Amino acid sequence: MSHILCIDIGTSRIKAALVDEHGAMPVMKSERINRAASPDTQDVLIWRSATVSLLRSMAQELAQMPPLAVSLTGNMHALLGIGEDGQPVADAILWCSNAATEESEKLLAHYPDFTQKYGNPPAPVFTLPKMIMCAEKTPELYRKVKRFLQPKDDIGYLLTGKFATDPSDASGMMPFLPDERCWDENMIRELGLDPEKFPPVIESTALRGTVTEQAAVLTGLPAGLPVVCGAGDLATAALGCGAFGDVLSLTLGTAGQLLASGPRGRWKPLAGKLFVFAHADPESDLFLGSVPGGGFSLEWEATQRNLTMNDFFKQAEDAELKEDLPIYLPYLLGRGAPYMDYTPCAAWHGLAAHHTLADLCRATVFGPLAALRQSADLLGQLNGTEYRSVVLQSLACREKSVRETAAALFPQKKRMPENTEASLLGAAVLGAAATGLYPSIAEAIRQMVHTTELPERPENERLAAKKLFTRYLKTVDPVTAG
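**What about unusual backbone geometry?**
For residues other than glycine, phi is negative in most cases, and the peptide bonds are mostly trans.
Then comes step 1: Omega for the bond connecting methionine 174 with proline 175 falls within 30 degrees of zero, at -5 degrees, which places this linkage in the cis form.
Then comes step 2: That bond from alanine 337 to proline 338 is cis: its omega, 5 degrees, falls within 30 degrees of zero.
Then comes step 3: Its place among the elements puts proline 338 in the loop between strand S17 (327-329) and strand S18 (347-349).
Then comes step 4: At methionine 174, a residue that is not glycine, the phi angle is positive and equals roughly 70 degrees.
Then comes step 5: Mapped onto the secondary structure, methionine 174 falls in the loop between helix H8 (167-173) and strand S9 (176-177).
Then comes step 6: Look at methionine 174 and you get buried, because its relative accessible area is 0%.
Then comes step 7: Phi at asparagine 306 is positive, roughly 60 degrees, even though this residue is not glycine.
Then comes step 8: By the secondary structure assignment, asparagine 306 is in the loop between helix H12 (294-304) and helix H13 (309-318).

Here is the structure:
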């Protein structure tokens, strides 16, 4: 049995797993790490230390199941500068920071075609505005940087001594050209930045190097073990749940997210409506529809009603999914996709005296799912792909009321993942393709990612969901294909 060693660098948890050629995960360990002084920064040395600790703790399992390669994934859009000495010049600024709002607004004002050129607006969550902020407000730090990396790439550097990133992380750093899959060096220079500080871009299935003697002593891994470039966690999460080709993925965590791939080069009609990234698969683009307060809306509503989350979901289960439920707009943290508006504007519509507490809980569940269905429909209309299945992740598969509401609302076949560690499994898919276990990413997904189809909901529920969704669309601002 062949295995891939996968490492996932989260913002507050590091995970490592051995994944076999069939997608089984006989070993998975994780370590929670403390945040730095600020919730939107992280000490890079803590990431490194936790990764080393995890790898050393797996020494016995690694000896019993020696991996063919290491494959990497991790959180995206960070500003992480590495100096000439190989050490971080400062704490990493995470995706969630809004410190570069001013730089973001200036970029958009000066380059109104930015989104159509690079796939996404220069929002503060992405790396480029943060990099400009670093260069202009802390030039002494900027000058010390040899390369700006992403978290997985820093661990890749720790293991191999080589700088590199992949197209998925590069497109979240910016300015990266999705079709050409390369940096826009002219734009980098125009912005007063140094192209040499951007890492080389290699494909997600390319080898970034092998474990060095120094890294072998540090981690316990064998020197010479190949290290696969890997991809950002959005890309690996999509691969690891099977959101590839005609399959969507729906995740309801703090945010609600809809992930999908589409044929490379068809992204322009979606730019400015959904987030667009170069995918780990070179023949595809990666799309993200997001409602920032999707799952958070459920927690907020439960708190306002003085309910535990268990009680909230029990109330939602007890309510019938019916067409006269009130419409809940889940925009506590802004509307997200497809409006790209992050001004809080949550609201109820159609609330009447006969509605019960259970009705309100069920309507709260329906709201973020309807917002994600809106992105799914737009995605199918604009990139020419007919999506036939949707994989339910996180709350969408764990909680009965959420799962059944999603099953009634989405017209595609609904599927449940057998392995919920999607990012790790996606990294393993890349590792399996890179080492020749399978001839392609698509074949690795077929062999390693397993889902179970859910039965269809009763016709009356599907009809009620359809009518509710029509009311939802009439309540929100229309988004057209134009």
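On we go from here.
**Some details on the sheet that holds strand S11 (residues 207-210)**
Then comes step 1: Across the sheet, 6 strands lie side by side as S3-S2-S1-S5-S12-S11; this open sheet has mixed pairing. The open sheet is flanked by strand S3 (27-32) and S11, the only strands paired with a single partner. Here the average twist between neighbouring strands, direction ignored, is 20 degrees.
Then comes step 2: Both strand S1 (residues 3-9) and strand S5 (residues 69-74) contribute to a ladder of 6 bridges, which runs parallel. Its bridge partner being in S5, leucine 5 is matched across the sheet by valine 70.
Then comes step 3: Its contacts with the sheet place helix H7 (residues 151-160) against S1, S5, S11 and strand S12 (226-232), and it is angled at close to 30 degrees to S11.
Then comes step 4: Contacts from helix H17 (residues 422-434) reach S1, strand S2 (13-20), S3, S5 and S12 within the one sheet, and its direction differs from that of S1 by about 135 degrees.

**What to know about helix H19 (residues 459-475)**
Then comes step 1: With 17 residues, H19 ought to run about 24 Å at 1.5 Å a step, and its terminal C-alpha atoms sit 24 Å apart, in line with that.
Then comes step 2: Turning to H19, its buried residues number three or more, namely Glu461, Ala464, Ala465, Leu468, Phe469 and Tyr472. Seen from one end, H19 has its buried residues packed into an arc of 140 degrees, which puts them on one side. Residues Glu459, Lys466 and Lys474 are exposed on H19 and point more than 90 degrees away from its buried face.

**Here we look at the nonpolar core**
If you look at soluble globular proteins, the nonpolar side chains tend to sit buried side by side.
Then comes step 1: Judged by nonpolar contacts, the single largest core of 69 residues is most densely connected at Val19, Leu128, Met131, Leu191, Leu193 and Met448.
Then comes step 2: The element contributing the most residues to this core is H17, with 9 residues.
Then comes step 3: With 52 residues, the next largest nonpolar core counts Ala371, Leu392, Ala396 and Phe469 among its residues.

**With respect to the environment of leucine 274**
Then comes step 1: Structurally, leucine 274 is set in the loop between strand S14 (256-263) and strand S15 (275-278).
Then comes step 2: Separated by 154 residues in the primary sequence, leucine 274 and asparagine 120 have C-alpha atoms spaced 8.1 Å apart.
Then comes step 3: Ignoring sequence-local partners within four residues, the contact set of leucine 274 consists of Gly119, Asn120, Phe287, Leu288, Gly289, Ala337, Pro338, Met340, Ser375, Leu378 and Leu379.

**A few points about the packing of aromatic side chains**
Then comes step 1: Inspection of every chain in the model, using the stated rule, returns 10 aromatic pairs.
Then comes step 2: When the centroid spacing of 4.9 Å and the interplanar angle of 65 degrees are considered together, the rings of tryptophan 183 and phenylalanine 198 count as edge-to-face. Of this pair, tryptophan 183 sits in strand S10 (residues 182-183) while phenylalanine 198 sits in the loop between helix H9 (185-190) and S11, placing them 15 residues apart in sequence. Both residues of the pair, tryptophan 183 and phenylalanine 198, belong to the buried class.
Then comes step 3: By way of ring pairs, the aromatic residues Phe126, Phe275 and Phe277 are connected into one cluster.
Then comes step 4: Taking the ring centre of tyrosine 142 as reference, the NZ or CZ of lysine 197 above it sits at 5.0 Å.
Then comes step 5: The ring of tyrosine 339 carries the charged tip of arginine 335 above its face, separated from the ring centre by 4.1 Å.

**Here's the deal with the sheet that holds strand S16 (residues 284-291)**
Then comes step 1: In space, the 7 strands of this open sheet follow the order S15-S16-S14-S13-S19-S20-S21, with mixed pairing throughout. The outermost strands of the open sheet, each flanked by one partner alone, are S15 and strand S21 (451-453). The sheet shows a mean angle of 30 degrees between the axes of neighbouring strands, taken without regard to direction.

Thresholds, definitions, all that
- Residues numbered from 1 in each chain as written.
- Predicted model: local features only at pLDDT ≥ 70, side-chain atom pairs only at ≥ 80, totals over all residues.
- Heavy atoms only, no water.
- Helix = DSSP H or I, 4+ residues; strand = E, 2+ residues; numbered from the N terminus.
- Buried < 20%, exposed > 50% of the residue type's maximum accessible area, 1.4 Å probe, protein only.
- Pairing = 2+ DSSP bridges.
- Axes fitted to C-alpha atoms, helices over the stretch in contact; angles between N-to-C directions.
- Contact = heavy atoms within 4.5 Å.
- Expected span 1.5 Å × (residues − 1).
- Arc of directions from axis to C-beta.
- Core = buried A, V, L, I, M, F, W, Y, C linked by side-chain atoms within 4.5 Å.
- Phe/Tyr/Trp six-rings, centres within 6.5 Å; stacked < 30°, edge-to-face > 60°.
- Lys NZ or Arg CZ within 6 Å of the ring centre and 35° of its normal.

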